[in-house]
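Architecture and fold: a report
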Amino acid sequence: DAPLSIGQIEVGRLVATATQIPTVVRWLQRSLQQMPAFTLHFNNFSGIPPHQVHMRIQCTAPVMQLRDQLRKLNATLELHELPAIEQASKWQLPVAESLSGMIYQQVLQHFSKQELAVSMQVTELWLMRREHSLQPWQPMQRLPLQEAMQPSNAPWYAPCTPVRI
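Now for a look at the structure at hand. The numbering scheme is per chain: residues are counted from 1 as the chain's sequence reads. Totals for whole chains, interfaces and linings use all residues, but because this is a predicted model, local features are given only for residues with pLDDT of at least 70 and pairs of side-chain atoms are given and counted only at 80 or more. Each side-chain value is derived from all of the structure's non-hydrogen atoms; neither hydrogens nor water enter the calculation.

**Concerning the side chain of S119**
Note the cut-off: Helix and strand labels come from DSSP, where a helix needs a run of H or I of at least four residues and a strand needs a run of E of at least two; each type is numbered from the N terminus. Throughout this description, a polar contact denotes any pair of N or O atoms lying within 3.5 Å of each other; where both atoms belong to protein, one of them has to be capable of donating a hydrogen while the other can accept it, and for residues adjacent in sequence the pair is counted only when both atoms sit in side chains.
Structurally, S119 can be placed in strand β7 (residues 118–122). Within the local environment of S119, its side chain forms a polar contact with the side chain of H41, the two groups lying 2.5 Å apart.

**Brief notes about the pairing of strand β4 (residues 53–57)**
What counts here: Only protein chains enter the area calculation, which uses a 1.4 Å probe; residues under 20% of their type maximum are buried, those over 50% are exposed, and those in between are partly exposed. Strands are treated as partners if at least two bridges between them are detected by DSSP.
Of all five residues that make up β4, four are buried, and the element is covered over most of its length. What sits between strand β3 (residues 38–46) and β4 in their antiparallel hairpin is a turn of six residues, with H51 showing a positive phi close to 70 degrees. As paired strands, β4 and strand β6 (residues 92–96) are joined by four bridges and run antiparallel to one another. Counted as the bridge partner of M55 is L93 from β6.

**With respect to the environment of L32**
Locating L32 in the fold gives a position in helix α1 (residues 21–32). Separated by 93 residues in the primary sequence, L32 and L125 have C-alpha atoms spaced 9.3 Å apart.

**Regarding the side chain of Q20**
Basically, it comes down to this: Should any heavy atoms of two residues lie within 4.5 Å, those residues are counted as being in contact.
Here Q20 shows up in the loop between β2 (12–13) and α1. Polar contacts involving the side chain of Q20 include one to the main-chain amide nitrogen of T17, which spans 2.9 Å. Ignoring anything within four residues of it in the chain, the contact list for Q20 reads L82 and P83.

**Side note on the pattern of salt bridges**
As a reminder of what qualifies: Salt-bridge detection follows one rule: a side-chain nitrogen of Lys or Arg within 4 Å of a carboxyl oxygen of Asp or Glu.
The tally for this structure, following the rule as stated, stands at four salt bridges. Two residues, K72 and D68, come together in a salt bridge whose shortest N-O distance is 3.5 Å. Of the two residues, K72 and D68 both sit in helix α2 (residues 61–79), four residues apart, roughly one turn of that helix.

**Let's talk about unusual backbone geometry**
Backbone geometry places E81, a non-glycine residue, at a positive phi of 55 degrees. Within the secondary structure layout, E81 lies in the loop between α2 and β5 (86–87). Positive phi, normally seen in glycine, also occurs at S98, with a value near 55 degrees. Along the chain, S98 turns up in the loop between β6 and α3 (101–112).

**What to know about α1**
The condition is simple: Expected span of a helix, by definition, is 1.5 Å for each gap between consecutive residues, and there is one gap fewer than residues.
Compared with the 16 Å implied by 1.5 Å per residue over 12 residues, the 16 Å span of α1 between its first and last C-alpha is a close match. Of all the positions in α1, only I21, V24, V25, W27, L28, S31 and L32 are classed as buried. The elements touched by buried residues of α1 are α2, β8 (124–129) and β9 (138–144).

**Looking at the packing of aromatic side chains**
Condition: By convention, a stacked pair of Phe, Tyr or Trp rings (six-membered ring in the case of Trp) has centres within 6.5 Å and planes under 30 degrees apart, an edge-to-face pair has planes over 60 apart, and any other such pair is tilted.
This structure, assessed with the given rule, holds one aromatic pair. Between F45 and F111 the ring centres are 4.4 Å apart and the planes differ by 25 degrees, which places this aromatic pair in the stacked class. You can see F45 sitting in strand β3 and its partner F111 sitting in helix α3, a full 66 residues away along the chain. Judged by its relative accessible area of 18%, F45 falls in the buried class. A residue is classified by how much of its surface remains accessible, and F111, at 18% relative accessible area, is buried.

**Let's talk about the nonpolar core**
Using the following cut-off: Nonpolar core, defined: a set of buried Ala, Val, Leu, Ile, Met, Phe, Trp, Tyr and Cys residues in which side-chain atoms within 4.5 Å join the residues together.
Within the largest apolar cluster, 39 residues are counted, with the highest numbers of intra-cluster contacts made by L28, L40, F42, L66 and W91. Elements that contribute at least two residues to this core include exactly α1, β3, β4, α2, β6, α3, β7 and β8. When residues of this core are assigned to their parent elements, the largest contribution, six residues, is made by α1. In contact with L40, other than residues within four places in its own chain, are I9, I57, P62, V63, V118, S119, M120 and V122.

By themselves these figures say nothing about function.
As structure tokens, then:
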């Protein structure tokens, strides 16, 4: 299975045929059209699973809201005998992947000494696709979120952070 690209958070996976994809995309767009943009806050680094370093999400309220939307969509998909979206068990932002043993230990030790308070504004989601598990992910469909009502007072701001579905 190909790893995530650095800077992408995997939300879930879907295995669908070419004829099912347009319907799933349309329903996904409808499901997310009222969802507001949100801020993700990261508070520390983790090295689990081994050979990968990622940042963990501190505040999970927006994550739970998106997961709820995807659960509702899954009910509709299953009702119409379409494949459901398999949600990722953990949301995390990869920083480094596929590190050799020695490099992994050095990177993890370096990051473990860092204090972290990072926030990112998520303004859109991207539906990504690939034909085979060894091929890289390719953008398929942009799913914009509604503009946030309140500006973020985050210590760091990234105008666009892709989240992969």
